[in-house]
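This is what each chain is made of:
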Amino acid sequence: MQNRHDLSFRSNALRLSGAALILTLATAAHAQLSIAGISTVPTGNGPDGAALGDFTGDGLSDIATTVDGPDRIQILVGDGLGGFVAGPTFPIGIGTGAGDIVAFDADGDGDLDIAVCRKNLNDVIVVRNNGNSTFATIGTFATGSESVGPDAADIDGDGDVDMVVANRGDDTASVLRNGRGTFTVTTFTVGPDPRGATFADFDADGDLDVATSAHDDRTIRIHQNNGATFAALATLNLPATVRPEGLSADDLNGDGLADIAVAASGNAASFATIFLKTPTGFAAPVSFASGGQDAAYIAVGDLECDGDLDIAIVNQSSNNVGLLTNSGSAAFAAPTLVATGADPSSVSIGNADNDTDLDVAVANTSANSITVALMGCGTIEPTDPSDLTGDGVVDASDLAILIGGWGFGGISDINGDGTTNAADLSILLGAWS
C-alpha cells in the first residue's frame, strides 16, 4: 500500500528488444542519505498500513493504522520528536477485514480524514476526523472484490480529493469520486490480480488517470480519465522474470512528466522497476535492486532534502525496507537497508517528527508494530505544545484559545488527557513568554 500523494503525481530493469535481461545500474552524484534514528512502535494486532499526519488536532504528526481483534483504526499519537504512544481508536466493524489505509481531507474542512479498505465486505469506509481526537463515519462505498492499494488525489480539479483502489478479487479498479464528503463509485476492468492503484496525469490533458499493477500477467495497465469513465490507454510490460506488486507515480527525473515506480519480484530477484514517461510514451523499464527478498510495497519522496524523489521499498520476506536515493535523473543508488519487524505490509513517507524533512513508516503485520525511520537532513524545529497559535510565544492569545476549549479536547488539551482543564492551564502558565 502506498499513502501518497501530496495530491500531485506519485511512487527498474533494462529490457532489451523484448529480452528478459535485467541490469542493475550504478550511479553517482547522489546526496548523502542520513538516518537520524530508528524506532519500533507497538500497535494492536496485525497492523495493515500506516498513514502519517496530524489526526489529533495538536499540530504534531501522528500515525494512523488498521488493526484487528476487533477491526479498528488505531491512532498512534506523536510527541513531535518522532516518538509515538497508543491513542484513540475507531471501530470499523468486527470481521470486516480492515486492510489498507489512506489519509486525505475527504470533507474539505482542512484536517485529515481516513479511508480503509474492508476486504471482507468489498467496500471502503471513509471516516471523518472531528479535529478533537474523535472520529465519525462519513459512509461506506461498495467497490470490487477485495480492495487493496489505495491512492488519493483530486482527479478532476474540483477541489475535492478523490480515491482509487485495486480490487484483487475480480480484476477491477474502483474510483471513488468525491462530492465533498460523499463518493460516487466507478468500477472498471483492469489486468489480472491487481495489487495496487495510483493516480497521475499520464496523457497530459490536465486530469488524473489511473495506473494499476497486474500481478498475474506482469503488466502495468494505464486507464485514461474521460470524466465519467476510464478507458484502457496503455499496457506496460515488465520483464518476464518478475511480477508487479505495489506501485507509485510521480516525476522521478524532473522533466515534468509522471513516471511509474513499481515493486517487482520473482525468481529470487527483487527490484524497484522504473518506467520513465516521455512525450511519446514510456521508455523501456529499468530495474534497481531492492536489497532484499519479495519487494511488495513502494513509496516515493525526497528523503535527502535535495529536491528530487527517492524510493522506499519494502522487502516482505527479508523483513527490511530499502531506501534508494535518486541522482535526479531517476538513476538510483544501491539501497540503504533498514530492518523492520516481521511481515512488513506497507510503507508510508511523511513527516514523523515535525522537522523539515520526510521520514518513513512501515507497518509490521506479524510483529504488531510499526517501524519508524527518521531522516536526518532536515532541521528539527522544537514545538512548545503551549504555543497554541504557533507564533513562537506563549501569551494571552494562547490563553484565550485554552479558555475557549475548556472542558473539551482538541488543540487546547495540552497534556493530551482528553479534556482541557486546570492541568493544561498550569502547563501554559509555566511556559508563559
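Residues numbered from 1 in each chain as written. Predicted model: local features only at pLDDT ≥ 70, side-chain atom pairs only at ≥ 80, totals over all residues. Heavy atoms only, no water.

Q: Which parts of the structure should I look at to understand the pairing of strand E27 (residues 320-324)?
A: Put simply, side chains in a regular strand alternate between the two faces of the sheet. Counting buried residues along E27, five of its five residues qualify, which places the element largely inside the surrounding structure. Alternating positions in E27 separate into two faces, Asn-320, Gly-322 and Leu-324 on one and Val-321 and Leu-323 on the other, with burial throughout. Taken together, the five bridges between strand E26 (residues 310-315) and E27 define a ladder with antiparallel strand orientation. Bridging across to E27, Ala-312 finds its partner in Leu-323. Where E27 lies against strand E28 (residues 336-339), four bridges are found, and the strand directions are antiparallel. What sits directly across from Gly-322, in E28, is Leu-337. (Buried < 20%, exposed > 50% of the residue type's maximum accessible area, 1.4 Å probe, protein only. Helix = DSSP H or I, 4+ residues; strand = E, 2+ residues; numbered from the N terminus. Pairing = 2+ DSSP bridges.)

Q: Sorry, what's going on with the confidence of the model for the protein here?
A: Do not read the predicted coordinates in detail wherever pLDDT is low. In the predicted model, the protein carries a mean pLDDT of 89, and 89% of its residues have values of at least 70. Low pLDDT, under 50, characterises residues 1-29; the predicted model gives this stretch 124 contacts beyond four residues in sequence or across chains. (pLDDT = per-residue confidence, 0-100. Contact = heavy atoms within 4.5 Å.)

Q: Could you clarify how one ought to interpret the environment of Ser-61 in this entry?
A: With respect to the helices and strands, Ser-61 occurs in the loop between strand E3 (50-53) and strand E4 (62-67). Exposure remark for Ser-61: the relative accessible area of 9% places this residue in the buried category. A sequence separation of 292 residues divides Ser-61 from Asp-353, and the C-alpha atoms of the two residues are 6.5 Å apart. In this structure the side chain of Ser-61 is engaged in a polar contact, spanning 2.6 Å, whose partner is the backbone oxygen of Asn-351. (Polar contact = N/O pair within 3.5 Å; in protein donor to acceptor, adjacent residues only side chain to side chain.)

Q: Would you explain the sheet that holds strand E13 (residues 172-178) in this entry?
A: Whether parallel or antiparallel, the strands of a sheet pair through hydrogen bonds between backbone atoms. Ordered in space as E11-E12-E13-E14, the four strands form an open sheet in which the pairing is antiparallel. Every other strand in the sheet has two partners, leaving strand E11 (147-153) and strand E14 (183-189) as the edge strands with one partner each. Neighbour to neighbour, the strand axes of the sheet diverge by 20 degrees on average, direction disregarded. Where E13 meets E14, seven bridges bridge the pair, whose relative direction is antiparallel. Counterpart to Arg-177 in the pairing with E14 is Thr-184. (Axes fitted to C-alpha atoms, helices over the stretch in contact; angles between N-to-C directions.)

Q: Got a minute to help me understand the packing of aromatic side chains in this structure?
A: Aromatic ring pairs are described here by two measures, namely the spacing of the ring centres and the angle between the planes. Evaluated as defined, the whole model comprises five aromatic pairs. With a centroid separation of 6.4 Å and 90 degrees between ring planes, the pair formed by Phe-104 and Phe-183 is classed as edge-to-face. Within this pair, whereas Phe-104 is found in strand E7 (residues 98-104), its partner Phe-183 is found in strand E14, the two being separated by 79 residues in sequence. For the pair formed by Phe-104 and Phe-183, the shared burial category is buried. Through successive ring pairs, a cluster of aromatic residues spans Phe-104, Phe-141 and Phe-183. Its guanidinium or amino end placed over the ring of Phe-282, Lys-277 lies 5.7 Å from that ring's centre, counting from NZ or CZ. (Phe/Tyr/Trp six-rings, centres within 6.5 Å; stacked < 30°, edge-to-face > 60°. Lys NZ or Arg CZ within 6 Å of the ring centre and 35° of its normal.)

Q: So what exactly am I meant to see when it comes to unusual backbone geometry here?
A: Leaving glycine aside, a negative phi is the common case for residues, and trans is the common case for peptide bonds. Following Gly-69, the chain continues to Pro-70 via a peptide bond in cis, the omega torsion being 0 degrees. Within the fold, Pro-70 resides in the loop between E4 and strand E5 (72-78). Not every positive phi belongs to a glycine, and Arg-218 is a case in point at roughly 60 degrees. If you trace the backbone, Arg-218 turns up in the loop between strand E16 (209-214) and strand E17 (219-225). What makes Arg-218 partly exposed here is its relative accessible area of 22%. Of note, Cys-305 is a non-glycine position whose phi angle comes to about 60 degrees, a positive value. Along the chain, Cys-305 turns up in the loop between strand E25 (295-301) and E26.

Q: Help me out: how do you make sense of the sheet that holds strand E21 (residues 269-275) in this one?
A: The four strands lie next to each other as E19-E20-E21-E24, forming an open sheet whose pairing is antiparallel. The open sheet is flanked by strand E19 (243-250) and strand E24 (286-289), the only strands paired with a single partner. Going from strand to strand, the sheet's axes swing by 25 degrees on average, the running direction of each strand aside. Across four bridges, the pairing between E21 and E24 is antiparallel. By the bridge assignment for E24, Ile-274 is matched with Val-286.

Q: Would you take a moment to explain the side chain of Arg-177 for this structure?
A: Among the structural elements, Arg-177 can be located in strand E13. At a separation of 3.0 Å, a polar atom in the side chain of Arg-177 contacts the side chain of Asp-156. Among the polar contacts listed, one links the side chain of Arg-177 to the backbone oxygen of Gly-227, at a separation of 2.4 Å. If we skip the residues at most four places from it in the chain, Arg-177 touches Ile-155, Asp-156, Asp-162, Thr-182, Phe-183, Thr-184, Asn-225, Gly-227, Ala-228 and Phe-230.

Q: Could you clarify how one ought to interpret the environment of Val-116 in this entry?
A: The topology assignment puts Val-116 in strand E8 (residues 113-118). On the accessibility criterion, Val-116 (0% relative accessible area) is buried. In this structure the C-alpha to C-alpha distance between Val-116 and Ala-98, which are 18 residues apart in sequence, comes to 6.7 Å.

Q: What should I look at first to understand the state of the cysteines in this one?
A: Put plainly, a disulfide is one covalent bond tying together the sulfur atoms of two cysteines. Taken as a whole and judged by the stated rule, the model has one disulfide. With a sulfur-sulfur separation of 2.1 Å, Cys-305 is cross-linked through a disulfide to Cys-377. Residues Cys-305 and Cys-377 are joined through a disulfide that is right-handed, its torsion about the S-S bond being 65 degrees. Linking Cys-305 in the loop between E25 and E26 with Cys-377 in the loop between strand E31 (369-375) and helix H1 (396-404), this pair joins segments that are 72 residues apart in sequence. (Disulfide = S-S within 2.5 Å.)

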